[in-house]
Structures are given as C-alpha cells and as structure tokens.
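Now for the letters of each chain:
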Amino acid sequence: MTARAVPLPLAQLPNALTVARFALIPVFVVLLAQASGGHSWPAAIVFGVAGVTDQIDGWLARRWRVESQFGKYADPLADRLMIDAAVLLLFLDDRLPWAALVAIGARDAFLIAGARFAMPYGYEFQVNALGKAATWILYAAVGFVIATHKATEWPRDLFWAGLALAVVAAIVYTASAWKAIKR
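Digging into helix α6 (residues 129-147)
For α6, which comprises 19 residues, the first-to-last C-alpha distance of 27 Å matches the rise-based estimate of 27 Å (1.5 Å per residue) to within 8%. Listing the buried residues of α6 in full gives Gly131, Ala134, Thr135, Leu138, Tyr139, Ala141, Val142, Gly143, Val145, Ile146 and Ala147. If you follow the buried residues of α6, they end up packed against α2 (13-33), α3 (41-63), α4 (69-92), α5 (98-118) and α7 (154-182). One side-chain oxygen of the residue at the start of α6 lies 3.0 Å from the amide nitrogen of leucine 130, identifying that residue as asparagine 128.

Okay, structure coming up:
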C-alpha cells in the first residue's frame, strides 16, 4: 500500500467533503420543495456545490493517496441520494417526466443489486471515466433544470445525454464484474 501524501488531519478532508454532501441533501430538499414550480437559484447553488464537492473529494483522495473504504461506498451513495432527491422533486414539480424518475430509479436499483451480487465474489467496483462523466453531466443537467425556467428544453436534453452515458457506464461495470466473477 502506498503511503499517504499529506498529514493525517488533511487526509480526512475527502471524507469530510463526502459527509458535507450528505448534510447538503436535506438543505437542498427544503430549498427545492419551497420553490415555486421547481425553479430555485438557491437550490441550484446548493446542488452545484454538492456536485463540485463530488469532484474535489475523489480527486483529493486519489492525489493524496488517502482513498478509504468509507469513501468508496459513501461517495457514490451521496451522489445517488442527491441526484435521486432532485429528480423526484423535479418530477413532482412537472419539470422532468415520469420516465426520468423511473430511469434514474432503475439505474440505481440495478447498481445496488449488482454490487450486492458481485461483492461476495470479491469484486471491487472501481469508478471509470464513463461513470465519472455521467455523474458530472447529470449534476450539471439537473442543476440547469433547477436554475432555468420550465420552458427551457436544453437542460432536459443534457439530462438524457447524461442518463444515456450512465447506462453505458453501467454496462461496462456489469461486463467487468461478470468477467471477474467468471474467473
């Protein structure tokens, strides 16, 4: 194992950012739930901050060689919960169609079930570039849906592109896990 590149207090920063993202979820939910018609700059800013912390925590953990078991599971969970909460609230405000809610829910159920199936075989999921890009695009798209007015179409188009990329990433994860399990 490679030694960490920073002192211990600083080494805890990536996990602290992940915990902060969990703490932002209820703040975001309250801001968006109180918004008129699912349009809220404050909610979009909180959502954007969560998206930025998602990028920073993983980058710091890898750069400083302080990746942890907690971070491997908590980081994607925080992303899923934040994005799922946003999609659910935007569906309720008629900003995203029911298909978006179903697709995001199905994607997350598939990932959770796949992880529960593959992990007993010793398979460890590693984030790939497609998965990262899909999460970035989904964060951006959902943030833009929140920040723009209902008639603005391009954020929803970006959402569908991010979701398509997430499906491709899930296929890559599945193929990788299946190959590892078959060994």
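Past the structure itself, the notes keep going.
A look at the nonpolar core
Judged by nonpolar contacts, the single largest core of 30 residues is most densely connected at Phe28, Leu32, Phe47, Met82, Val142, Ile146 and Phe159. Every element with two or more residues in this core is listed here: α2, α3, α4, α5, α6 and α7. Ranked by residues supplied to this core, first place goes to α6 with 8 residues. Setting aside residues no more than four positions away along its own chain, valine 142 makes contact with Phe47, Ala86, Val87, Leu90 and Phe159.

Section: a nonpolar patch on the surface
A cluster of nonpolar residues, Trp41, Ile45 and Val49, forms a patch on the protein surface that exposes about 320 Å² of accessible area. Tracing the backbone through its elements, the reader meets isoleucine 45 in helix α3.

So, unusual backbone geometry
We note that arginine 65 has phi near 55°; this positive angle belongs to a residue other than glycine. Summarising the element assignment, arginine 65 is placed in the loop between α3 and α4. In this model, aspartate 94 sits at a positive phi of 60°, which is unusual for a non-glycine residue. In this fold, aspartate 94 is placed in the loop between α4 and α5.

Some details on the side chain of arginine 21
Of note, arginine 21 is situated in helix α2. Engagement of the side chain of arginine 21 in a polar contact is seen with the side chain of aspartate 75, the distance being 2.4 Å.

What to know about the packing of aromatic side chains
Summed over the entire model, instances satisfying the criterion amount to 4 aromatic pairs. Pairing phenylalanine 28 with phenylalanine 47 gives two aromatic rings, centres 5.3 Å apart and planes at 45°, and the pair type is tilted. With phenylalanine 28 in helix α2 and phenylalanine 47 in helix α3, this residue pair connects regions lying 19 residues apart in the sequence. By the burial criterion, phenylalanine 28 is buried, and phenylalanine 47 matches it. Ring centres of phenylalanine 159 and tryptophan 160 lie 5.2 Å apart, and the angle between their planes is 80°; this geometry places the pair in the edge-to-face category. Of the residues examined, tryptophan 160 reaches a relative accessible area of 33% and is grouped as partly exposed.

Each value, and the rule that gives it
- Residues take numbers from 1 onward in each chain, read along the sequence in its written order.
- Whole-chain, interface and lining totals are the exception, using all residues; otherwise, since this is a predicted model, local features are given only for residues with pLDDT of at least 70 and side-chain atom pairs are given and counted only at 80 or more.
- Excluded from the side-chain calculation are hydrogens and water; included are all heavy atoms of the structure.
- To qualify as a helix, a DSSP run of H or I must reach at least 4 residues; to qualify as a strand, a run of E must reach at least 2; elements of each kind are numbered from the N terminus.
- Take the number of residues in a helix, subtract one, and multiply by 1.5 Å to get its expected span.
- Burial status follows relative accessibility: with a 1.4 Å probe on protein chains alone, a residue under 20% of its type maximum counts as buried, one over 50% as exposed, and anything between as partly exposed.
- In what follows, residue pairs with any heavy atoms lying within 4.5 Å of each other are defined as contacts.
- N or O atoms closer than or at 3.5 Å make up a polar contact, with two conditions inside protein: a donor-capable atom paired with an acceptor-capable one, and, for residues adjacent in sequence, both atoms drawn from side chains.
- Only buried residues count toward a nonpolar core, which is a set of Ala, Val, Leu, Ile, Met, Phe, Trp, Tyr and Cys residues joined through side-chain atoms within 4.5 Å.
- Only residues whose relative accessible area exceeds 30% and that form no salt bridge enter a patch; like-charged residues are grouped when within 9 Å of one another, and nonpolar side chains (Val, Leu, Ile, Met, Phe, Trp, Tyr) when within 5 Å.
- Each accessible area is a Shrake-Rupley estimate made with a 1.4 Å probe; only the visible protein chains count as cover when residues are assessed.
- A carboxyl oxygen of Asp or Glu within 4 Å of a side-chain nitrogen of Lys or Arg is what we treat as a salt bridge.
- For Phe, Tyr and Trp, where Trp contributes only its six-membered ring, two rings pair if their centres lie within 6.5 Å, and the inter-plane angle classes them as stacked under 30 degrees, edge-to-face over 60, or tilted in between.

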